[in-house]
Structures are given as C-alpha cells and as structure tokens.
Amino acid sequence: MTQAESATAIRVASVEAFRVRLPLVHSFQTSSHRKSYLEHILVRVGDGEGGVGWGEIASPSDPYYSPETVDTCWLMLRRYLGPALLAHTWERPEQAEEAWRKVRGHNFAKAGLDIACWDLWSRRRSTPLSMALGGERTAIAAGVSLGIEPTIEDLVSQVNKHVAGGYRRVKLKIQPGWDVEPVRAVKLAYPHLVLQVDANGVYTESDEHLAALEALDHYGLLLIEQPFAPGALAAHARLQSRISTPVCLDESIDDVEQLDSAVQLGAGRILNIKVSRMGGLTAAKRAHDMAVAAGWEVWCGGMHEFGVGRAANVAIASLPGFTLPSDVSGSDKYYSRDVIDPPVRADDGMVAVPLAEPGLGHTVDEDFVRELSAETLKL
Ligand code: OSB
Ligand code: MG
C-alpha cells in the first residue's frame, strides 16, 4: 500500500438501519416454536461523499441461540454503537472496531456495522471484499444445516432434496431423543454423504447424554458441534478425550481469549466461525488466524443470513484456513426473494466468490428493503 492510500481518513457520516422481515420457504423449529419468517437488521453507512456500505445484524428474535436479540441490537445500535462509529475516524476497515472497543459484548450488533465499514471501504477502493480480507478461494464449498423435523421421514426427504441440489455436506441439528436415530437413518439412505451434527449446547454430562454422544462417534461424522453449554469448555475437553470424532465449538467462542482457552484445554479441534458471533469480519479473521496457528480447522457458520450477511460469509469463507464446507447455502434455501441482486447461489454445491465486483459483490435492493421495513432509524 502506498503512503497516499494508507493516509485516506474515513469518517462515517450517516448510519441508517432497517428492521426487515423475510418469509421462510421452509419453517423450522426453535426451542419455543416454529418460525415462518425471520427479522434481521440491515445497516447502511454513508461516507458523506457518495460512498455507501451495507451490513447485516443477523440476531435471532428470541434469546435461545444468542443472548442478543433483534430488539437489543436495535437499542445498542441506536444508543451506543452508531453514535460511536459516527465519532470515529479510521483509515483501514480493521480500525473501525476501535469505535466500539469500550462496549462489552453485543457482537451481533457490532458485526453489522463492521461489515458495512468493510463494504464501504472496499467499494471505495473498487476491490472485492474477499480480496480486501485476504481471501484466496474463487468458490466456497456449501453445506446445509437441517433442523429437527417432525419425523425421520421428513428429515430424510429434506436430506434428499439438498443432496439432489448438489450440496457437499449436510449438518443435522440434534437434541436428546433426536440424535442416533436420525443419524443412522440418514447414513443408511446416503452412506457416502459427508455428515456432521450440531447440538446447540443442549447436552449435559449425564450418563444418558454421554452414551448418546459416544454412540455418535461410530457414524464417521465430520464433527460434533457444540454438544454442551457455551461456558462448559472443560466438558468439551473431557468428551474430546473420549471420542475420535472432532468436537467443534460454536456458541462457546465469542472472542480470541475464549478460543485461546479452548485450545489450551483441548476443548475441540474445529471452530465454527460466525461473523455475527465473533463481532464482525475483522474479529472473524483474527479468530481464523489464531485457530489456524493452533492447528484447528475452521469453517464458516451462518445465522440464516439475508443476502448482505450471506455475501459477507462468502467473503470470509474465501480465506485459506476455511478448509471445511461452510453453512453458506444459496439464498433460495431460506428465502424466495432476497434483499440483494443477484441472490447468493450454490451451483453443484459451490458458491462462487464474486471477484468481478467491488465490496460485497451484490447490489442491495434498496426499494425492497425500505418497502419491507417495519421500522427504520437514521443517525
Ligand atoms: O448453531 O449453527 C448454528 C442458525 C441459528 C442459530 C444457530 C445456528 C444456526 C444454523 C444456521 O445452523 C446455518 C445457516 O445459516 O444456514
Ligand atoms: Mg451451531
């Protein structure tokens, strides 16, 4: 980088936010109810000189998968994070997060602003976001995450649909009572399918739960994701010492300090990096670098992102350490119409990295976003 380039100071002059609901093409079960639509926050930052960047806050509406919700993110954005960014001057997108350095937690809300700053910066430079981040891949291997279905037959038919759609690996959500049986049924139907499971932290070290987790060790799974509660690193380490399937952490890891503890304890061998959970692209890249240095494999997880967050996931997943298939499926797995044009597409299980366009590489359909917004905010 030349002296002149590195000296270009940026100050975000406007922050707008939109609470957007998109209907789901296939409803899914959460801890409390079946969801038929999702509400995320889209963030638009402007540099006051015609430059624009978009980000997405993909927090769920309820606090079962993340302590943050769309309501708490909206509040944090309006009250603290947006004003902090407006008061901050930065040159490189890695410096944007210094604006909210003093704010503890609230990674999902921070991630939305961080993505928008990366998009703004890379559009100003006419650089694809993937390249700005140091990405090397031209396409990402796409996997799907399949929820708990009413019956095993429903699950196998979901697997069938996505295998037929070309996806490279399948992740099954599990919970006590829905673990060995669905895995066995799917393995029987698709013996060569690359399969992994995700428990979202609902198992304990009870005899019954441990027996189920140990039984899963015999199905050749790629990984077992987050069997125990987020804070239970020691329990993950004990399980990892007893099974040969790699344990993968998701909810346990919000920052590099927690990742360092997990590595020291041997609490797993694989990290699910979510841009949202880590607090943005800069933080996700930091976690990627640390995990790779520690000999852990990483892959890119998702939070059912709309197009903006999905495009950011594609960009981060192009980094060299993302060696396992990501939860970055095509937009059409979740939404019949997305907020970006063109939508993210998986072709034969691969999502192309948009290397011919600057920033996120997709145009945000602003009219559609405004039309769908239940509430908007301008700072
Ligand atoms: O644990 O990975 C998870 C979605 C919401 C909350 C937690 C998780 C997920 C997913 C979705 O698995 C993956 C996707 O975006 O396709
Ligand atoms: Mg998970």
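Residues numbered from 1 in each chain as written. Chains lettered and ligands numbered in written order. Predicted model: local features only at pLDDT ≥ 70, side-chain atom pairs only at ≥ 80, totals over all residues. Heavy atoms only, no water.

Caption draft 1: Spotlight on the packing of aromatic side chains. Applying the stated criterion across every chain yields a total of 3 aromatic pairs. Centroid distance Phe 306 to Tyr 335: 5.1 Å. Interplanar angle 85 degrees. Geometry classified as edge-to-face. You can see Phe 306 sitting in the loop between strand 13 (297–300) and helix 12 (307–317) and its partner Tyr 335 sitting in the loop between helix 12 and strand 14 (340–341), a full 29 residues away along the chain. Exposure class is identical for Phe 306 and Tyr 335. Each is buried. When the ring of Tyr 334 is compared with that of Tyr 335, the centres are 6.0 Å apart and the planes differ by 45 degrees; the resulting orientation is tilted. (Phe/Tyr/Trp six-rings, centres within 6.5 Å; stacked < 30°, edge-to-face > 60°. Helix = DSSP H or I, 4+ residues; strand = E, 2+ residues; numbered from the N terminus. Buried < 20%, exposed > 50% of the residue type's maximum accessible area, 1.4 Å probe, protein only.)

Caption draft 2: How the structure looks around the coordination of the magnesium ion (ligand 2). Summarising the metal site, the magnesium ion (ligand 2) is bound by the protein donors Asp 198 (OD), Glu 225 (OE) and Asp 250 (OD), whose distances to it range over 2.1 to 2.3 Å. Within one chain, the residues donating to the magnesium ion (ligand 2) are spaced in sequence as D-x26-E-x24-D. Linking Asp 198 in strand 9 (residues 195–198) with Asp 250 in the loop between strand 11 (247–249) and helix 9 (256–265), this pair joins segments that are 52 residues apart in sequence. The exposure class assigned to Asp 198 is buried, which follows from its relative accessible area of 0%. (Donors = N, O, S within 2.8 Å, 3.2 Å for Na, K, Ca; no water.)

Caption draft 3: How the structure looks around the site of ligand 1. In the vicinity of ligand 1 lie 14 residues, with Lys 171, Asp 198, Asn 200, His 304 and Tyr 334 positioned nearest. Between Lys 171 and ligand 1, the recorded distance is 2.9 Å, taken from a side-chain N or O atom to an oxygen atom. Within the backbone of His 304, an N or O atom sits 2.7 Å from an oxygen atom of ligand 1. Alone, ligand 1 offers 390 Å² of accessible surface; in the complex the protein occludes 97% of this. Looking at the shell around ligand 1 residue by residue, the class counts come to 3 nonpolar, 4 polar and 7 charged. (Near = heavy atom within 4 Å. Polar contact = N/O pair within 3.5 Å; in protein donor to acceptor, adjacent residues only side chain to side chain. Areas by Shrake-Rupley, 256 points an atom, 1.4 Å probe, with all protein chains shown as cover. Nonpolar A, V, L, I, M, F, W, Y, C, P; charged D, E, K, R; others polar.)

Caption draft 4: Quick peek at unusual backbone geometry. The step from Asp 341 to Pro 342 runs through a cis peptide bond, and the omega angle for that step is -10 degrees. Among the structural elements, Pro 342 can be located in the loop between strand 14 and strand 15 (346–347). Residue His 106 is not a glycine yet carries a positive backbone phi of 60 degrees. Relative to the elements of secondary structure, His 106 occurs in the loop between strand 5 (89–90) and helix 3 (107–124). Of note, the phi angle at Ser 126 is positive, near 55 degrees, even though the residue is not glycine. Within the secondary structure, Ser 126 is located in the loop between helix 3 and helix 4 (129–133).

Caption draft 5: Highlighting the domain arrangement of the protein. By domain assignment, the protein separates into domain 1 (3–126 + 365–378) and domain 2 (131–363). For domain 1 and domain 2, the distance between their C-alpha centroids amounts to 23 Å. Domain 1 puts 38 residues into the contact, and the matching count from domain 2 is 41 residues. Here domain 1 packs against domain 2, burying approximately 3200 Å² in sum over the two surfaces, 64% of which is carbon and sulfur. In this structure, the connection of domain 1 to domain 2 is made through 2 salt bridges. (Domains from an automatic or database assignment. Contact = heavy atoms within 4.5 Å. Buried area = accessible area lost by both parts, 1.4 Å probe. Salt bridge = Lys/Arg side-chain N within 4 Å of Asp/Glu carboxyl O.)

Caption draft 6: Local environment of the sheet that holds strand 16 (residues 350–352). The 3 strands lie next to each other as 6-16-15, forming an open sheet whose pairing is antiparallel. Where the open sheet ends on each side, the last strands, each with one partner, are strand 6 (139–141) and strand 15. Note that strand 15 and strand 16 share 2 bridges and pair antiparallel. Across the sheet, the residue bridging to Asp 347 is Met 350, located in strand 16. (Pairing = 2+ DSSP bridges.)

Caption draft 7: Seen up close, the nonpolar core. Ranked by internal contacts, the top residues of the largest apolar core, which has 116 residues, are Leu 85, Leu 172 and Val 339. A total of 9 residues in this core trace back to one element, the largest contributor, which is helix 3. When residues of this core are sorted by domain, at least three fall in each of domain 1 (3–126 + 365–378) and domain 2 (131–363). Those residues within four positions of Leu 172 in sequence are excluded, and the remaining contacts are Leu 146, Leu 155, Val 159, Pro 182, Val 183, Val 186, Leu 195, Gln 196, Val 197 and Asp 198. Core analysis: the second largest hydrophobic core is formed by 5 residues, Cys 248, Ile 270, Trp 299 and Leu 324 among them. (Core = buried A, V, L, I, M, F, W, Y, C linked by side-chain atoms within 4.5 Å.)

Caption draft 8: Focus on the side chain of Ser 276. Tracing the chain through its elements places Ser 276 in helix 10 (residues 275–278). Those residues within four positions of Ser 276 in sequence are excluded, and the remaining contacts are Ala 58, Asn 107, Phe 108, Ala 111, Met 303 and Glu 305.

Caption draft 9: Looking closely at the sheet that holds strand 7 (residues 143–146). Spatially, the 7 strands line up as an open sheet ordered 7-8-9-10-11-12-13, and their pairing is parallel. Edge positions in the open sheet fall to strand 7 and strand 13, since each of these has one partner strand only. In this structure, strand 10 (residues 224–225) lies alongside strand 11, joined through 2 bridges in parallel fashion. Directly across from Ile 224, in strand 11, lies its bridge partner Val 247. Contacting strand 8 (169–173) and strand 9, helix 6 (residues 180–189) crosses the sheet at an angle of about 165 degrees to strand 9. Helix-sheet contacts for helix 11 (residues 281–293) involve strand 12 (270–273) and strand 13, and the interaxial angle to strand 12 is about 170 degrees. (Axes fitted to C-alpha atoms, helices over the stretch in contact; angles between N-to-C directions.)

Caption draft 10: Summary view of the packing of helix 9 against helix 11. The geometry of helix 9 relative to helix 11 is characterised by a closest axis approach of 10 Å and an angle of 20 degrees between their N-to-C directions. Here helix 9 lies roughly parallel to helix 11, going by the angle between them. Remark: the crossing between helix 9 and helix 11 carries right-handed chirality. Residue-level contacts link Val 256, Leu 259 and Asp 260 of helix 9 to Arg 286, Ala 287, Met 290 and Ala 291 of helix 11. (Parallel < 35°, antiparallel > 145°, perpendicular 65-115°, else oblique. Left-handed = near helix turned anticlockwise from the far one by under 90°.)

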